[in-house]
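Structure assessment
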Amino acid sequence: MPDIHPITGTIGAEIVGVDLKAPIGDAIADTLRSALWAHQVIVLRDQHLDIAAQKRLTSVFGDIMQLPYVEPVENDPEVIAVLKEASEQKVGVFGGDWHSDFSFLENPPEGSVLSAVEVPVYGGDTVWANQAAAYEALPDALREIVDGRDAVHVGKPYGVKHAPPEEARTGGSIRMTRGDPDADREIRHPCVVTHPGSGTKALFLNPIYTTRLDAMSEEESAPILEALYKHAVRPDFCCRLRWTPGTVAVWDNRMTMHYAVNDYDGTRRLLYRTTFSGAPPA
Ligand code: SIN
């Protein structure tokens, strides 16, 4: 049986003793799913998955999603290359802000899988923050504001608020379609969502895409959202992953936010990302 080693007391676990290149049987699939429920982020080292194996792993958690607005790899609309070339310096990166993936969709991904191909010797970590822990520790004054309230999400920045501008691109880093009215319209999700399996409640706000709280203007919402974001990413709710080639991470996109640390200028970093769907946030 696989061993599960928590990374922190709040979020993240490394799973040892599973070869994801082999067919994933029911018992291993159950272990992976329950580890994800329990730890929100699971990490498996030395896997070196090809795309077919990554998609098999992704299907363990849900139906693979084809994401709109972001250019997939050639020949596979379900896979994104998260790439920063060594020549892309002093520019932002995809995911280089606290966020959950694509919360501006009516049904945002339930989770994502990242598989590392080429990573810097140091730097380029990913950090996740457990939003269930953040909700549990929320001060009463903020809890009263978010409980039972929706937040408004808009896709205008399309996940690349700090990504390289078109003219600074040198290589294959992510390309996004912009100016699509479908992505730019307001979508409402509850500020607090409930995990469909465990019943755990979590904050579901997004510093990139949440523009305001329902029944409030952007100006009224701004200081409240600032306080919520500051609380939501307290280091006690976080784990940080040091990537090595072949490492795979799976995360719950409704129960966490994540942040791609951009501290590796001059080094190439390439990971493949797939996403899976679930029931809409409730
Ligand atoms: C992402 O936001 O999915 C990218 C994370 C990373 O590159 O570490």
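Relevant structure appears above.
Attention here is on the structure that accompanies the text. Just so you know, these numbers come straight off a predicted model, no measurement behind them.

A few points about the packing of aromatic side chains
Per the counting criterion, the structure on display carries six aromatic pairs. Residues Y69 and F104 carry aromatic rings whose centres are separated by 5.9 Å and whose planes lie at 40° to one another, so their mutual orientation is tilted. Note that Y69 is positioned in the loop between helix 2 (51–61) and strand 4 (80–84) and F104 in the loop between strand 4 and strand 5 (111–118), a separation of 35 residues in sequence. Members of the aromatic cluster, each reached through a chain of ring pairs, are Y69, F102, F104 and Y209. One residue, R143, lies across the ring of Y135, its end atom 4.7 Å from the ring centre.

What to know about the pattern of salt bridges
Counted by the stated rule, this structure contains 16 salt bridges. Notably, a salt bridge pairs K21 with D19, separated by 3.6 Å at the nearest N-O pair. For D19, a relative accessible area of 43% translates into the label partly exposed. One salt bridge connects D265 with K84, and the closest N-O pair in it is separated by 2.6 Å. One end of the pair, D265, is in the loop between strand 14 (256–260) and strand 15 (269–276); the other, K84, is in strand 4, and 181 residues separate them in sequence. By relative accessible area, which is 32% here, D265 ends up partly exposed. Note on K84: relative accessible area 3%, which makes it buried. The network of salt bridges with common partners includes E186, R188, R212 and D214.

Quick word on helix 2
Three or more residues of helix 2 are buried, namely A53, Q54, K55, L57, T58, V60 and F61. At its buried positions, helix 2 is contacted by helix 1 (26–39), strand 3 (41–44), strand 5, strand 13 (248–252) and strand 15.

A few points about the nonpolar core
One finds F102, W128 and W243 to be the most contacted residues of the largest nonpolar core, which totals 28 residues. Within the residue set of this core, elements represented by two or more residues are strand 3, strand 4, strand 5, strand 12 (238–241) and strand 13. Those residues in contact with W243 that lie beyond four places of it in its chain are R45, L114, A116, V119, G124, D125, T126, W128, A249, R269 and L271. By size, the runner-up hydrophobic cluster in this structure holds 26 residues, among which are A151, L203, L205 and C238.

What counts, and where the lines are drawn
Residues numbered from 1 in each chain as written. Predicted model: local features only at pLDDT ≥ 70, side-chain atom pairs only at ≥ 80, totals over all residues. Heavy atoms only, no water. Phe/Tyr/Trp six-rings, centres within 6.5 Å; stacked < 30°, edge-to-face > 60°. Helix = DSSP H or I, 4+ residues; strand = E, 2+ residues; numbered from the N terminus. Lys NZ or Arg CZ within 6 Å of the ring centre and 35° of its normal. Salt bridge = Lys/Arg side-chain N within 4 Å of Asp/Glu carboxyl O. Buried < 20%, exposed > 50% of the residue type's maximum accessible area, 1.4 Å probe, protein only. Contact = heavy atoms within 4.5 Å. Core = buried A, V, L, I, M, F, W, Y, C linked by side-chain atoms within 4.5 Å.

The quantities given are spatial measurements derived from coordinates; they are silent on function.
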